[in-house]
Amino acid sequence: LQVSNQLTGEKAHSEIRNLMPRIKLFIYTSTYAGFGIGCLEALYAVANVISFCSPMNAWIRQWHIKKSKEEMIQKALEILQSTAIVYKPVLPYKMTDSAIAVMKLFAG
(Lines give C-alpha, C1' and ligand atoms only; values in the text may rest on other atoms or scores of the structure.)
Protein backbone atom coordinates (compact mmCIF):
# COMPACT_ATOMS: atom_id res chain seq x y z
CA LEU A 1 0.00 0.00 0.00
CA GLN A 2 1.49 3.30 -1.06
CA VAL A 3 -0.19 6.43 0.19
CA SER A 4 0.97 9.88 -0.83
CA ASN A 5 1.14 12.42 1.96
CA GLN A 6 2.13 15.28 -0.30
CA LEU A 7 -0.11 18.24 -1.07
CA THR A 8 0.51 19.15 -4.67
CA GLY A 9 -1.12 22.54 -4.72
CA GLU A 10 -3.73 23.90 -7.09
CA LYS A 11 -4.63 21.81 -10.13
CA ALA A 12 -6.39 22.79 -13.34
CA HIS A 13 -9.96 21.50 -13.66
CA SER A 14 -8.97 19.35 -16.66
CA GLU A 15 -6.21 17.72 -14.60
CA ILE A 16 -8.62 17.05 -11.73
CA ARG A 17 -11.04 15.38 -14.17
CA ASN A 18 -8.24 13.11 -15.34
CA LEU A 19 -7.25 12.21 -11.77
CA MET A 20 -10.77 11.54 -10.44
CA PRO A 21 -11.13 8.00 -11.86
CA ARG A 22 -7.97 7.00 -9.97
CA ILE A 23 -9.07 8.10 -6.51
CA LYS A 24 -10.40 5.58 -4.04
CA LEU A 25 -10.93 7.91 -1.09
CA PHE A 26 -12.06 11.50 -0.64
CA ILE A 27 -11.78 13.03 2.82
CA TYR A 28 -13.98 16.06 3.49
CA THR A 29 -12.76 17.67 6.70
CA SER A 30 -15.30 20.44 7.19
CA THR A 31 -16.74 20.40 10.70
CA TYR A 32 -19.87 22.38 9.77
CA ALA A 33 -20.71 21.87 6.07
CA GLY A 34 -22.02 18.43 5.26
CA PHE A 35 -22.55 18.67 1.54
CA GLY A 36 -19.63 19.81 -0.57
CA ILE A 37 -20.03 19.36 -4.33
CA GLY A 38 -16.60 17.74 -4.39
CA CYS A 39 -18.08 14.90 -2.32
CA LEU A 40 -20.70 14.21 -4.98
CA GLU A 41 -18.08 14.35 -7.73
CA ALA A 42 -15.88 11.91 -5.80
CA LEU A 43 -18.80 9.50 -5.27
CA TYR A 44 -19.62 9.51 -8.97
CA ALA A 45 -15.93 8.91 -9.73
CA VAL A 46 -16.24 5.71 -7.60
CA ALA A 47 -14.47 6.98 -4.46
CA ASN A 48 -15.55 6.45 -0.88
CA VAL A 49 -16.16 9.71 1.01
CA ILE A 50 -15.40 10.24 4.68
CA SER A 51 -16.71 13.34 6.46
CA PHE A 52 -17.56 14.61 9.93
CA CYS A 53 -21.04 15.84 9.00
CA SER A 54 -23.94 13.95 7.52
CA PRO A 55 -24.91 15.45 4.17
CA MET A 56 -28.57 14.47 4.38
CA ASN A 57 -31.00 12.62 6.63
CA ALA A 58 -30.74 9.65 4.25
CA TRP A 59 -27.94 7.11 3.96
CA ILE A 60 -25.69 7.45 0.89
CA ARG A 61 -23.71 4.43 -0.27
CA GLN A 62 -19.91 4.82 0.04
CA TRP A 63 -20.27 7.91 2.27
CA HIS A 64 -18.96 7.34 5.80
CA ILE A 65 -19.66 9.72 8.69
CA LYS A 66 -17.11 9.73 11.52
CA LYS A 67 -17.17 11.70 14.78
CA SER A 68 -13.43 12.18 15.36
CA LYS A 69 -10.16 12.53 13.52
CA GLU A 70 -9.09 9.15 14.90
CA GLU A 71 -12.25 7.44 13.58
CA MET A 72 -11.69 9.11 10.22
CA ILE A 73 -8.10 7.86 10.04
CA GLN A 74 -9.16 4.33 11.02
CA LYS A 75 -11.87 4.25 8.32
CA ALA A 76 -9.46 5.64 5.71
CA LEU A 77 -6.93 2.90 6.49
CA GLU A 78 -9.69 0.28 6.38
CA ILE A 79 -10.82 1.45 2.94
CA LEU A 80 -7.33 1.76 1.49
CA GLN A 81 -6.22 -1.65 2.78
CA SER A 82 -9.35 -3.56 1.78
CA THR A 83 -9.31 -5.83 -1.23
CA ALA A 84 -13.03 -6.59 -0.88
CA ILE A 85 -14.43 -3.15 -1.73
CA VAL A 86 -16.24 -2.93 -5.06
CA TYR A 87 -15.92 0.59 -6.42
CA LYS A 88 -19.01 1.76 -8.30
CA PRO A 89 -20.25 5.22 -9.27
CA VAL A 90 -22.81 6.66 -6.85
CA LEU A 91 -25.32 9.24 -8.06
CA PRO A 92 -27.57 9.98 -5.08
CA TYR A 93 -29.28 13.02 -6.61
CA LYS A 94 -30.05 13.46 -10.31
CA MET A 95 -30.25 16.98 -11.73
CA THR A 96 -33.58 16.15 -13.37
CA ASP A 97 -35.06 15.17 -9.99
CA SER A 98 -33.85 18.46 -8.49
CA ALA A 99 -35.30 20.45 -11.39
CA ILE A 100 -38.68 18.70 -11.03
CA ALA A 101 -38.73 19.43 -7.28
CA VAL A 102 -38.03 23.13 -7.91
CA MET A 103 -40.69 23.32 -10.61
CA LYS A 104 -43.24 21.81 -8.21
CA LEU A 105 -42.47 24.62 -5.74
CA PHE A 106 -43.51 27.20 -8.32
CA ALA A 107 -46.46 25.23 -9.73
CA GLY A 108 -48.16 25.26 -6.32
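Let me begin by describing the structure that accompanies this report. (Residues numbered from 1 in each chain as written. Predicted model: local features only at pLDDT ≥ 70, side-chain atom pairs only at ≥ 80, totals over all residues. Heavy atoms only, no water.)

**Focus: the pairing of strand β2 (residues 48-51)**
On a regular strand, one side chain projects to one face of the sheet and the next to the other, so that they alternate.
Moving on, step 1. Side chains Asn48 and Ile50 of β2 all project onto a buried face; the interleaved residues Val49 and Ser51 project onto the opposite face, where all are buried too.
Moving on, step 2. Two strands pair when backbone bridges link them, and strand β1 (residues 25-28) and β2 are joined in this way by 4 bridges, in the parallel orientation. Of the residues in β2, the one forming a bridge with Phe26 is Val49.
Moving on, step 3. Pairing of β2 with strand β3 (residues 63-65), which is carried by 3 bridges, proceeds in the parallel orientation. Within β3, the residue paired with Ile50 across the bridge is His64. (Buried < 20%, exposed > 50% of the residue type's maximum accessible area, 1.4 Å probe, protein only. Helix = DSSP H or I, 4+ residues; strand = E, 2+ residues; numbered from the N terminus. Pairing = 2+ DSSP bridges.)

**Details of the environment of Cys53**
Moving on, step 1. Counting through the fold element by element, Cys53 comes out in the loop between β2 and β3.
Moving on, step 2. Taking relative accessible area as the criterion, Cys53 reaches 16% and is therefore assigned buried.

**Some details on helix α3 (residues 69-81)**
Moving on, step 1. Counted at 1.5 Å a residue, the expected span for α3 with its 13 residues is 18 Å, and the 18 Å between its end C-alpha atoms agrees.
Moving on, step 2. Along α3, the residues classified as buried are Met72, Lys75, Ala76 and Ile79. Down the axis of α3, the sector holding all buried residues measures 105°, keeping them to one side. Opposite its buried face, α3 presents the exposed residues Glu70, Gln74 and Gln81, each directed more than 90 degrees away.
Moving on, step 3. Each element contacted by the buried residues of α3 is listed here: β1, β2 and β3. (Expected span 1.5 Å × (residues − 1). Arc of directions from axis to C-beta. Contact = heavy atoms within 4.5 Å.)

**Topic: the pattern of salt bridges**
Moving on, step 1. Following the criterion strictly, the structure yields 1 salt bridge and no others.
Moving on, step 2. As a salt-bridge pair, Glu78 and Lys75 come within 2.8 Å of each other at their nearest N and O atoms. One end of the pair, Glu78, and the other, Lys75, are both in helix α3, 3 residues apart, so they sit about a helical turn from each other.
Moving on, step 3. Take Glu78: its relative accessible area is 44%, and that puts it in the partly exposed class.
Moving on, step 4. Accessibility expressed as a relative area gives 14% for Lys75, which makes it buried. (Salt bridge = Lys/Arg side-chain N within 4 Å of Asp/Glu carboxyl O.)

**Describing helix α2 (residues 37-44)**
Moving on, step 1. All buried positions along α2 are accounted for by Cys39, Ala42 and Leu43. The buried side chains of α2 occupy one side of the element, clustering within an arc of 100° when seen end-on. Away from its buried face, by an angle of more than 90 degrees, α2 presents the exposed residues Ile37 and Tyr44.
Moving on, step 2. Tucked inside the fold, the buried residues of α2 contact β1, β2 and β3.
Moving on, step 3. Note on α2: the residue one or two positions beyond its end, Val46, has a positive phi of about 85°.

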